[in-house]
Amino acid sequence: MQEFSAQNLPRHVAIIMDGNGRWAKKRGLPRIMGHRQGVKSVRRTVTRAREIGIKYLTLYAFSQENWQRPQDEVSLLMDLLYDYLEKELDRLLKNDIRLTTIGDIDRLPNRVREKLLDVMEETKDRDAMVLCLALSYGGRQEIVMAAKAIAQGVLRGEVQLDQLDEALFSRFLYTKGMPDPDLIIRTSGEMRLSNFLIFQGAYTELYFTQTLWPDFDEAAFEAALKDYARRERRFGKTSEQLLGS
Ligand code: IPE
Ligand code: IPE
Ligand code: MG
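Each residue is numbered by its place in its chain's sequence as written, counting from 1. Starting at A for chains and at 1 for ligands, labels are handed out in the order in which the entities are written. Local features are withheld for residues below a pLDDT of 70 in this predicted model, meaning they are given only at 70 or higher, and side-chain atom pairs are given and counted only at 80 or more; totals for whole chains, interfaces and linings count all residues. Side-chain numbers come from the whole structure's heavy atoms, not from hydrogens or water.

Colleague: Could you clarify how one ought to interpret the site of ligand 2 in this entry?
Modeller: We call a residue near a molecule or strand whenever a single non-hydrogen atom of that residue lies within 4 Å of it. Close to ligand 2 lie I16, M17, D18, Y60, A61, F62, S63, N66, R69, R186, R192 and S194, which account for all nearby residues. Any pair of N or O atoms that falls within 3.5 Å is considered a polar contact. Within protein, one atom must be able to donate a hydrogen and the other to accept it, and sequence-neighbouring residues count only if both atoms are side-chain atoms. Within the side chain of R186, an N or O atom sits 3.3 Å from an oxygen atom of ligand 2. The contact in question runs from an oxygen atom of ligand 2 to an N or O atom on the side chain of S194, over 2.6 Å. In this description, accessible areas are obtained by the Shrake-Rupley approach with a 1.4 Å probe, and a residue is regarded as covered only by the protein chains that are shown. Protein contacts shield 78% of the accessible area of ligand 2, which totals 390 Å² for the unbound molecule. In this structure the site holding ligand 2 corresponds to the largest pocket. With four residues, the single largest contributor to the shell around ligand 2 is strand 2 (residues 56–63). Throughout, the protein atoms alone are placed on a 1 Å grid, and a set of points is a cavity if a 1.4 Å probe fits but cannot get out or a pocket if it is open with protein on both sides within 12 Å along at least five of seven lines; lining residues have an atom within 4 Å of a point. Think of it this way: a molecule belongs to a cavity or pocket when more than half its atoms come within 2 Å of the grid points there. Every helix listed is a DSSP run of H or I at least four residues long, and every strand listed is a run of E at least two residues long, numbered separately from the N terminus.

What follows is the structure in structure tokens.
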């Protein structure tokens, strides 16, 4: 039985996975234990998203701002990412999932970047779901990067300024070719975007939960999807207009 009707299912879900540090602190554990537990939530969420039939799942795993964290936490996070990619490849292939990334991946340590590119290459023809990892990602940086590339295009005569519109601009973003997120979930009770998909999220439905990321399970995910399914997305129109169309 289909649990979620295709009609009310978000095509693209993006998640700000927050609260790993607090999860560990509550238990008197080092922060990295929270990140480790967080990887389990990633696996659970990817599996469930695929089962439910979500087409794009973007996970905010590491922001540009996160480079400012203590060096040992950053390198442990990079190790965790490497292990995740290494262990996950088989499962991604088996479940027909394509891995992609958004962000300034040139800043990642070489071995992590190479592993990432490997997994992307191996899964490039899979098409049941796209799993997009936001790594070294910053929304403002992404917009500035796009503006620079467009300016260069204009200087070279490859971009006509009068043709520049929202759709063309979007093609210069990391998310080129992906639909805008329908739903952004943020765990741990923080109510901000932290520089995540700020261009693409202009009309995204936001869902905040107190649940810390390591505690985010299938039920928590489904609660978010159910909440989304009840919403009316008006995009500036009136309810009556939507009913009439
Ligand atoms: C989210 O958890 C994971 C990353 C940002 C990499 P945090 O590490 O931000 O956890 P809190 O916010 O300190 O609890
Ligand atoms: C946002 O979480 C980034 C990720 C989840 C990867 P942070 O915990 O870094 O965000 P702030 O600093 O509290 O806004
Ligand atoms: Mg945090």
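Colleague: Quick question: what am I supposed to make of the pattern of salt bridges here?
Modeller: For side chains bearing opposite charge, pairing can occur when the charged atoms are close. In what follows, salt bridge is the name for a side-chain nitrogen of Lys or Arg lying within 4 Å of a carboxyl oxygen of Asp or Glu. Here the structure, examined in full by the defined rule, presents 20 salt bridges. The partner of R69 in a salt bridge is E73, and the shortest N-O contact between them spans 2.9 Å. Here's how the labels work: a residue is buried when its accessible area is under 20% of the maximum for its type, exposed when over 50%, partly exposed in between, all with a 1.4 Å probe on protein chains only. What makes E73 buried here is its relative accessible area of 8%. Several salt bridges converge on common partners, so that one network encompasses D182, E205, D227, R230, R231 and R233.

Colleague: Whenever I open this one, the packing of aromatic side chains confuses me. Can you help?
Modeller: To describe a pair of aromatic rings, you give the distance between the ring centres and the angle between the ring planes. Under the pairing criterion, centres of Phe, Tyr and Trp rings, with the six-membered ring standing for Trp, must be within 6.5 Å; the plane angle then separates stacked pairs below 30 degrees from edge-to-face pairs above 60, leaving the rest tilted. Evaluated as defined, the whole model comprises nine aromatic pairs. When the ring of Y60 is compared with that of Y137, the centres are 5.9 Å apart and the planes differ by 80 degrees; the resulting orientation is edge-to-face. In this pair, Y60 is assigned in strand 2 and Y137 in strand 4 (residues 129–137), connecting sequence segments 77 residues apart. An aromatic cluster is built from Y60, Y137, Y174 and F196, whose rings are joined through pairwise contacts.

Colleague: Sorry if this is basic, but what is going on with the pairing of strand 4 here?
Modeller: Taken residue by residue, a regular strand's side chains alternate between the two faces of the sheet. Among the nine residues that make up strand 4, nine are buried, leaving the element largely enclosed by the rest of the structure. By the bridge criterion, seven bridges tie strand 2 to strand 4 in an arrangement that is parallel. Along strand 4, the bridge assignment pairs L57 with L131. Examined bridge by bridge, strand 3 (residues 97–102) and strand 4 share six bridges and lie parallel to one another. Its bridge partner lying in strand 4, L99 is registered against L131. Since strand 3 and strand 4 lie parallel, the crossover through helix 4 (residues 110–122) that links them has a hand, and here it is left-handed. At least two DSSP bridges between two strands are needed for those strands to be called paired. Convention used here: a crossover is right-handed provided that the path from the first strand, over the helix, to the second strand proceeds clockwise when the strands point away from the viewer.

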